[in-house]
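# Fold and geometry: a report
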Amino acid sequence: MKKCAIMTMKGGTGKTTTAVNLAHGLALSGKKVLLIDCDPQRNASITFGNEGKRGLSGLLRTGDVDIMLVRDNLFLIDSGGVDLLEVELLLGKDQDRERRMSKALSNLKGSDYVICDCPPSLSLININVLTFSDEIIIPVSLDYLSKVGVSQTIEMIDKIRQLTSKESINFAILQLF
Ligand SMILES: Nc1ncnc2c1ncn2[C@@H]1O[C@H](COP(=O)(O)OP(=O)(O)OP(=O)(O)O)[C@@H](O)[C@H]1O
Ligand SMILES: [Mg+2]
C-alpha cells in the first residue's frame, strides 16, 4: 500500500485538483484507492458530493469513521469539516500527538493507494499526515510565495523524518499552472 500526501504550505496551488484527479485516475486504472480529505475546507469531499458523518476528525477522536464508495474502486474519508480544527486542538495535549493518524489507520487493509489531500498550513494535522505518508507531492504555481511554500514544506518533511526516524520520505514538486 502506497501512502501519498499532496501537500504544500501555500494555498491555491492545485493540491485538491491533484489529489482528486490522481485518486480517480488510479481507480480508473483498476487500483483500489482511498482518498482522505485532511482539510477542514472539505474541497475533496465536496468534489464528490459526499460529506460523511464521521470523517477524519471522528477517526482521530474515537477510531470510528465512515468510508464511502464514491466511484468504482475509489473510497473517500471526509475531513469532518470544522470539527477537525477542534480535534487538532485536543490532539495538541497528547504525548503521541504526531502519530495519532498513523495509529488510527494502522489496521487499514485492501487499498493499493492512500491519497491525502492536505490543508495549506504548518498544522498538527499535516504533521500527522507526514508521519503517516511515504511519499509527498508538492504542487507549485509560478509565483514567488508558492516557491516559498515549497521550501517550507521541504523543511517540515525533513523535521518529521528526523522526529519519526524514517529512513526517507520521498517528495516530488509538481507544477500545474
Ligand atoms: N491546471 C490548472 N489550470 C488552471 N487552474 C487550475 C488548474 N488546476 C487547478 N486549477 C484551479 O486553481 C484553483 C485552486 O486549485 P485547488 O483548489 O486544487 O488548490 P488547493 O491547493 O487545493 O487550494 P487550497 O490551498 O485552498 O486547498 C481552483 O480554482 C482550480 O480549479
Ligand atoms: Mg485544497
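The structure displayed is predicted, hence computed values, not measured ones. (Residues numbered from 1 in each chain as written. Chains lettered and ligands numbered in written order. Predicted model: local features only at pLDDT ≥ 70, side-chain atom pairs only at ≥ 80, totals over all residues. Heavy atoms only, no water.)

### Section: the packing of helix 4 (residues 83-91) against helix 6 (residues 124-132)
Think of two packed helices as two axes; the pair is described by the angle between the axes and how far apart they sit. Heads up, the rule is: Orientation is described by axes fitted as lines to C-alpha atoms, over the contacting stretch for helices, and by angles from 0 to 180 degrees between their N-to-C directions. Per the convention used, a helix needs a DSSP run of H or I reaching at least four residues, while a strand needs a run of E reaching at least two, with both numbered from the N terminus. When describing relative orientation, an angle under 35 degrees is termed roughly parallel and one over 145 degrees roughly antiparallel, while 65 to 115 degrees is termed roughly perpendicular and anything else oblique. What makes two residues a contact is simply this: any of their non-hydrogen atoms within 4.5 Å. In this classification, Asp, Glu, Lys and Arg are treated as charged, Ala, Val, Leu, Ile, Met, Phe, Trp, Tyr, Cys and Pro as nonpolar, and every other residue, Gly included, as polar.
Two elements in contact, helix 4 and helix 6, have axes separated by 9 Å at closest approach and are oriented at 80°. Taken together, helix 4 and helix 6 sit at an angle that is classed as roughly perpendicular. Taken together, the residues of helix 6 that come into contact with helix 4 (itself represented by Leu-84, Glu-88 and Leu-91) are Leu-124, Ile-125 and Asn-128. For the contact of helix 4 with helix 6, the per-class residue count stands at 4 nonpolar, 1 polar and 1 charged.

### With respect to helix 1 (residues 15-28)
How we decide: Here the expected span of a helix is defined as 1.5 Å times the quantity of residues minus one. The buried label goes to any residue with under 20% of its type's maximum accessible area, the exposed label to any with over 50%, and the partly exposed label to all in between, with areas taken from a 1.4 Å probe on protein chains only.
Here helix 1 is 14 residues long and its end C-alpha atoms lie 20 Å apart, about the 20 Å a rise of 1.5 Å per residue gives. Turning to helix 1, its buried residues are Lys-15, Thr-16, Thr-18, Ala-19, Val-20, Ala-23, Leu-26 and Ala-27. Looking one or two residues past helix 1, Gly-30 carries a phi angle of roughly 105°, positive in sign.

### Things to note about the site of ligand 1
Applicable threshold: Working definition: residue near molecule or strand if any one of its non-hydrogen atoms lies within 4 Å of it. Any pair of nitrogen or oxygen atoms within 3.5 Å is treated as a polar contact; in protein, a donor-acceptor pairing is required on top of that, and neighbouring residues in sequence qualify only through side-chain atoms on both sides. Accessible areas in this description were obtained via Shrake-Rupley with a 1.4 Å probe; residue shielding takes into account the shown protein chains only.
What surrounds ligand 1 is the set Gly-11, Gly-12, Thr-13, Gly-14, Lys-15, Thr-16, Thr-17, Asp-39, Gln-41, Pro-120, Leu-176 and Phe-177. Note that an oxygen atom of ligand 1 is positioned 3.0 Å from one of the backbone N or O atoms of Gly-14. Gln-41 is positioned with one of its side-chain polar atoms (N or O) 3.1 Å from an oxygen atom of ligand 1. About the coverage of ligand 1: the protein hides 58% of its 630 Å² of free accessible area.

### Quick word on the nonpolar core
Worth spelling out the cut-off: Nonpolar core, defined: a set of buried Ala, Val, Leu, Ile, Met, Phe, Trp, Tyr and Cys residues in which side-chain atoms within 4.5 Å join the residues together.
Among the nonpolar cores identified, the biggest contains 32 residues, and Ile-36, Leu-56, Met-101, Cys-116 and Val-129 are the most heavily contacted of them. If one sorts the elements of this core by residue count, helix 6 sits on top with 5 residues. Leave out the neighbours within four places in its chain, and Met-101 touches Ile-36, Cys-38, Leu-56, Leu-60, Cys-116, Asn-128, Val-129 and Phe-132. Of all hydrophobic cores here, the second largest spans 18 residues; its members include Leu-26, Ala-27, Val-33 and Val-70.

### Brief notes about the sheet that holds strand 5 (residues 113-117)
Basically, it comes down to this: DSSP bridges decide pairing: two strands pair if at least two such bridges lie between them.
Pairing is mixed in the open sheet, where 7 strands are placed in the order 3-4-2-5-1-6-7. Unpaired on one side and paired on the other, strand 3 (68-71) and strand 7 (170-175) mark the two borders of the sheet. Averaged over neighbouring strand pairs, the angle between their axes works out to 25° when direction is ignored. Note that strand 1 (residues 2-6) and strand 5 share 5 bridges and pair parallel. Residue pairing in the sheet places Lys-3 in a bridge with Val-114 of strand 5. Strand contacts of helix 6: strand 1, strand 5 and strand 6 (135-140), with the helix running at about 160° to strand 5, the strand carrying the most contacts.

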